[in-house]
Amino acid sequence: MAQMKIPLFHPYKRPSAEAVLNGNVKGFKRILPFLGPAFIAAVAYIDPGNFATNITAGSEYGYLLLWVIVISNLMAVLIQSLSAKLGIATGKNLPEVARENFSKKTSIMLWIQAELVIMATDLAEFIGAALGLYLLFNIPMIPAAIITAIGSFAILELQRRGVRAFEAGVSAMVVMVVLAFAVQLFIADPNVGDVVGGLFPAFDGVNSLLLATGILGATVMPHAIYLHSSLTQHRVKAETPELKKRVFRFELIDIIFAMIVAGAINMAMLIIAAATFHTRGLHIEDLDVAYNSFHELLGPTAAISFGLGLLIAGLASSSVGTLAGDVVMQGFIQKSIRLYVRRTITMIPPLAIIIFGINATKALVWSQVILSFGIAFALIPLVMFTSNKRIMGPTLVNHKLTTILGWAISALVVCLNLYLIYQTFFEN
């Protein structure tokens, strides 16, 4: 009796990555097994810190700095592609590769600064989510913080169901944020000609240059770099250099798609602020003032959409930060603690700020200073390792142009963040 041939994939189900790599899947379905990791990393680019920056830029300068978001998004595509490529080529994440190539003392130092950066990042995300609850439901900040804590634990529970379940959950939250800002954008009804004009580079005085510096300097999120390399390191088994190269090509589609979505959200924030506030001569910096102003000027639907976007983005990004913390601890020092214990520890600083009534704005400023210190320690090793043929292999090592762009972006981002640190300490 002839043996029955079993198909490698069902036409109505998502095919496996192995079936795609073997050439048994055609058309759009080929990219489906590879979608996910970049959307987890992209959440870092739509955290509450971005809300404040984009609202400020749009209300003060209208559409003028829209092109800065486009440039920063292009930078993010390259940086996240390098991180994903490192995981695919080596089967290891960035902290693991760093531990193998640096001394033990250096690895410990890198771990400590990475943990501080992740906690600082989580500060903005946690406070942003709690603020979203406060604005939407008029819940006092302390109960809102407790609810935020419970919500972040619930999202982490998806991780116990597997990485694909977590990816699906976070991706669904990103879609909700997209829908929230799509509704707001429709209500704000911006002038299309003005939007197009904002895509051409221009400045309006020194202050606009400083704000553009802040947008570009905040492009790189260190925890997203660490985490993305981890999400791709074991996702697809590819033994040969040629198969690894094919995997990277598919992952690159995921990265481009996810970064387009994240960029569109950030652009929408600025456009809405420009159409709503700048046209009326209003300068808005605080998120609670922005919410109330949206309610007054555009109606409750626009305000609720803004609050929901803030809440969902804060919850999603804080959970992603927790996973990144687990990656850096395992990678740099080969230790691990339970995710729920880690989530509890990282919630202590923002809870303390809310409970003791510490000025949240000042706390966020200091969190950004800590974040600025940590960017070089993630970005420079990433470019170093992905440019090393011994580490990456002959097929996935950076091309010379990629290396040049990587170092140029690293130098630009590090210099901008050093300037932001100087400005915080000496000019404020």
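These figures come from a predicted structure and were not determined experimentally. (Residues numbered from 1 in each chain as written. Predicted model: local features only at pLDDT ≥ 70, side-chain atom pairs only at ≥ 80, totals over all residues. Heavy atoms only, no water.)

Draft legend 1. How the structure looks around helix α15 (residues 339–355). In this model α15 runs 24 Å from its N-terminal to its C-terminal C-alpha over 17 residues, within 8% of the 24 Å that 1.5 Å per residue would give. I348 marks the point of greatest bend in α15, at about 35°, and the proline P349 comes within the next four residues. Listing the buried residues of α15 in full gives L339, R342, R343, T346, M347, P350, I353 and I354. (Helix = DSSP H or I, 4+ residues; strand = E, 2+ residues; numbered from the N terminus. Expected span 1.5 Å × (residues − 1). Bend = angle between axes of the 7 residues up to and from the residue. Buried < 20%, exposed > 50% of the residue type's maximum accessible area, 1.4 Å probe, protein only.)

Draft legend 2. Up close: the confidence of the model for the protein chain. For the protein chain, the mean per-residue pLDDT works out to 86, and 91% of the residues sit at or above 70. When the criterion is pLDDT under 50, residues 1–12 qualifies, and its contacts beyond four places in sequence or with other chains add up to eight contacts. (pLDDT = per-residue confidence, 0-100. Contact = heavy atoms within 4.5 Å.)

Draft legend 3. The arrangement of the environment of M347 in detail. If you trace the backbone, M347 turns up in helix α15. With 293 residues separating them along the chain, M347 and N54 place their C-alpha atoms 25 Å apart. In contact with M347, other than residues within four places in its own chain, are D122, F126, A149, S152 and F153.

Draft legend 4. Highlighting the environment of I112. Along the chain, the position of I112 falls in helix α6 (residues 104–137). Judged by its relative accessible area of 42%, I112 is partly exposed. For the pair formed by I112 and A212, sequence separation is 100 residues and the distance between their alpha carbons is 30 Å.

Draft legend 5. Expanded view of the packing of helix α4 (residues 66–90) against helix α12 (residues 241–276). At a minimum axis separation of 9 Å, α4 and α12 run at an interaxial angle of 155°. The angle between the axes of α4 and α12 places the two elements in the roughly antiparallel class. Where α4 crosses over α12, the two elements pack in a sense that is right-handed. Taken together, the residues of the contact of α4 with α12 break down into 19 nonpolar, five polar and three charged. (Axes fitted to C-alpha atoms, helices over the stretch in contact; angles between N-to-C directions. Parallel < 35°, antiparallel > 145°, perpendicular 65-115°, else oblique. Left-handed = near helix turned anticlockwise from the far one by under 90°. Nonpolar A, V, L, I, M, F, W, Y, C, P; charged D, E, K, R; others polar.)

Draft legend 6. Looking closely at unusual backbone geometry. Unusually for a residue other than glycine, D189 sits at a positive phi of about 50°. Tracing the chain through its elements places D189 in the loop between α8 (163–188) and α9 (192–197). Residues other than glycine seldom take positive phi values, yet Q334 does so here, at roughly 60°. By the element assignment, Q334 lies in the loop between α14 (300–333) and α15.

Draft legend 7. Spotlight on the nonpolar core. Residues L65, F181, F294 and F306 are the most contacted members of the largest nonpolar core, which totals 134 residues. In terms of residue count, the dominant contributor to this core is α12 (17 residues). Setting aside its immediate chain neighbours within four residues, L65 contacts A57, A202, F203, S208, L211, A212 and L270. (Core = buried A, V, L, I, M, F, W, Y, C linked by side-chain atoms within 4.5 Å.)

Draft legend 8. Up close: the pattern of salt bridges. A full pass over the atoms with the stated rule returns three salt bridges. K92 serves as the salt-bridge partner of E100, at 2.9 Å between the closest nitrogen and oxygen. Residue E100 is classed as partly exposed on the basis of its relative accessible area, which comes to 46%. For K92, a relative accessible area of 29% gives the class partly exposed. For the salt bridge of R343 with D122, the shortest nitrogen-to-oxygen distance reads 2.5 Å. Here D122 lies in helix α6 and R343 lies in helix α15, a separation of 221 residues in the sequence. Comparing R343 with D122, the two get one shared label, buried. (Salt bridge = Lys/Arg side-chain N within 4 Å of Asp/Glu carboxyl O.)

Draft legend 9. Layout of the packing of aromatic side chains. Tallying each qualifying case throughout the model produces nine aromatic pairs. Considering the side-chain rings of F294 and F306, the 5.2 Å spacing of their centres and the 50° angle between planes classify their relative orientation as tilted. In this pair, F294 sits in helix α13 (residues 287–298) while F306 sits in helix α14, placing the two residues 12 residues apart along the sequence. F306 matches F294 in its accessibility class, with the two residues each being buried. (Phe/Tyr/Trp six-rings, centres within 6.5 Å; stacked < 30°, edge-to-face > 60°.)

Draft legend 10. Highlighting the side chain of S59. With respect to the secondary-structure elements, S59 resides in helix α3 (residues 48–61). Take S59: its relative accessible area is 2%, and that puts it in the buried class. From its side chain, S59 meets the backbone oxygen of T56 in a polar contact 3.2 Å long. Filtering out sequence-adjacent residues up to four positions away, S59 remains in contact with A273, A274, F277, H278, L282, H283 and I284. (Polar contact = N/O pair within 3.5 Å; in protein donor to acceptor, adjacent residues only side chain to side chain.)

Draft legend 11. Representation of the side chain of H228 within the structure. One can find H228 in helix α11 (residues 222–233). Setting aside its immediate chain neighbours within four residues, H228 contacts P37, A38, A41, Q80, S83, A84 and I255.

Draft legend 12. Fine view of the environment of M141. Following the sequence through the fold, M141 ends up in helix α7 (residues 141–157). Each C-alpha atom of the pair M141 and I354 lies 6.7 Å from the other, and the pair is 213 residues apart in sequence.

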